[in-house]
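Listed here are the chains, written in short residue letters.
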Amino acid sequence: MISRTTPSVVRFRSAFSLPGFDGPQPPGEYRVEHDEEALEGASLIAWRRVATFIYLPAISVSGATQQMVPIEPASLEAALEQDQSQ
């Protein structure tokens, strides 16, 4: 099976929290990765998202440890929309 990882960066202007986080995260830019698999048998190449991860802490925070946390894409989108409306 063919797979790919698509990286992106999201920006939060205020503190935010997502399900499964120990507590709120500070504002900043965060690296996000979407893992996808190619759908077999399709006449055109199509991709199915199988996992999404956010890296903690924010990109601007220097530290020795960084963790990759699995998240639901819908939860991330909702948090970003809420952040933009504030």
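Residues numbered from 1 in each chain as written. Predicted model: local features only at pLDDT ≥ 70, side-chain atom pairs only at ≥ 80, totals over all residues. Heavy atoms only, no water.

Participant: An account of the sheet that holds strand E3 (residues 47-56) is needed here, citing residue identities and associated values.
Facilitator: Read across the open sheet, the four strands follow the order E1-E2-E3-E4; overall the sheet is antiparallel. The open sheet has two edge strands with one neighbour each: strand E1 (3-12) and strand E4 (67-70). Within the sheet, the average angular offset between the axes of one strand and its neighbour, ignoring direction, is 30°. Here four bridges tie E3 to E4, and the two strands are oriented antiparallel to one another. Each residue of the ladder has a partner; that of Tyr55, found in E4, is Met68. In the packing of helix H1 (residues 73-85) onto the sheet, the strands contacted are E1, strand E2 (28-38) and E3, and the crossing angle to E1 comes to about 25°. (Pairing = 2+ DSSP bridges. Helix = DSSP H or I, 4+ residues; strand = E, 2+ residues; numbered from the N terminus. Axes fitted to C-alpha atoms, helices over the stretch in contact; angles between N-to-C directions. Contact = heavy atoms within 4.5 Å.)

Participant: I'd like a description of the side chain of His34, backed by residues and values.
Facilitator: Along the chain, His34 falls in strand E2. Excluding its chain neighbours within four sequence positions, the residues that come into contact with His34 are Arg4, Thr5, Thr6, Ser8, Arg49, Ala51 and Thr52.

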